[in-house]
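# An overview of the molecular structure
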Amino acid sequence: VQLVESGGGLVQPGGSLRLSCAASGFTFSTYVMSWYRQAPGKERELVATIMSAGGSTNYADSVKGRFTISRDYAKNTVYLQMNSLKPEDTAVYYCYARSLYRTNVDYWGQGTQVTVSS
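Residues numbered from 1 in each chain as written. Predicted model: local features only at pLDDT ≥ 70, side-chain atom pairs only at ≥ 80, totals over all residues. Heavy atoms only, no water.

## Overview of the pattern of salt bridges
This is how it is decided: Whenever a carboxyl oxygen of Asp or Glu lies within 4 Å of a side-chain nitrogen of Lys or Arg, that contact is scored as a salt bridge. Secondary structure is summarised from DSSP: a helix means a run of H or I of at least four residues, a strand means a run of E of at least two, and numbering begins at the N terminus for each. Type-normalised accessible area, obtained with a 1.4 Å probe on protein chains alone, sets the label of each residue: buried when under 20%, exposed when over 50%, and partly exposed for intermediate values.
Taken as a whole and assessed by the stated rule, the structure comprises four salt bridges. A salt bridge links D89 to R66; the shortest N-O distance between them is 2.8 Å. Here D89 is found in the loop between β8 (77-82) and β9 (91-99), whereas its partner R66 is found in the loop between β6 (57-59) and β7 (67-72), with 23 residues between them in sequence. The exposure classification of D89 matches that of R66, with both residues buried.

This is the structure we're talking about:
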C-alpha cells in the first residue's frame, strides 16, 4: 500500500498550489480520502474529506471557500486545490485513506511541505 503526495512547495500569500496523492495497493473506490495538516508545534488537524460514492465533501472552517478536495477514480488520485493561501496554511500536508468496510484499516502518506511566505 502506498500513498504518495506531491505538489507542495513555497508560495507567496494569496497564491495557489495543488497537492496530489497517488494511491496504490488497495481498492481506492472503497476508501474515504482526506487531507490533514500539521504545523510546527501544533496537533495534526483534518483539512478536508471526500467520500467515495457520491463524492460528498467536508472542510475545516479555516479553509472553506479556499480549498477544494477532489478525486479521480481512473488515476486513483486525490487532489487538494489550495487558493488564496495564507501564512497560517504553512504545514506538512498528509494524505489519509480510511476503509469504508473494514474496521480500523487506514493508511497515511509521508507528507508534503507547504510553506506560505513572502
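## Side note on the packing of aromatic side chains
Convention followed: Note on aromatic pairs: the rings of Phe, Tyr and Trp (six-membered ring only in Trp) are paired at centre separations within 6.5 Å, and the planes decide the class, stacked below 30 degrees, edge-to-face beyond 60, tilted for the rest. A ring is scored as having a charge over it whenever the NZ atom of a lysine or the CZ atom of an arginine sits within 6 Å of its centre and within 35 degrees of its normal.
Tallied over the full model, the rule gives eight aromatic pairs. Ring centres of F26 and Y31 lie 4.5 Å apart, and the angle between their planes is 55°; this geometry places the pair in the tilted category. Taken individually, F26 and Y31 each receive the classification buried, so the pair is uniform in this respect. Ring geometry for Y36 against Y96: centres 5.5 Å apart, planes inclined by 80°, an arrangement best described as edge-to-face. Placement of the pair is Y36 in strand β4 (residues 31-38) and Y96 in strand β9, with a sequence separation of 60 residues. Here Y36 and Y96 have matching classes, each one buried. Connected via pairs of aromatic rings, a cluster forms that spans Y36, Y94, Y96 and W108. Taking the ring centre of W108 as reference, the NZ or CZ of R44 above it sits at 4.6 Å.

## Focus on the state of the cysteines
Here is the rule: Cysteine sulfurs are considered disulfide-paired once they come within 2.5 Å of each other.
Using the criterion set out here, one finds one disulfide in the structure. A disulfide bridge connects C21 with C95, and the sulfur atoms are separated by 2.1 Å. Measuring the twist about the S-S bond at about -80°, one finds the C21-C95 disulfide to be left-handed. With a gap of 74 residues between them, C21 in strand β3 (residues 17-24) and C95 in strand β9 connect regions that are remote in the sequence.

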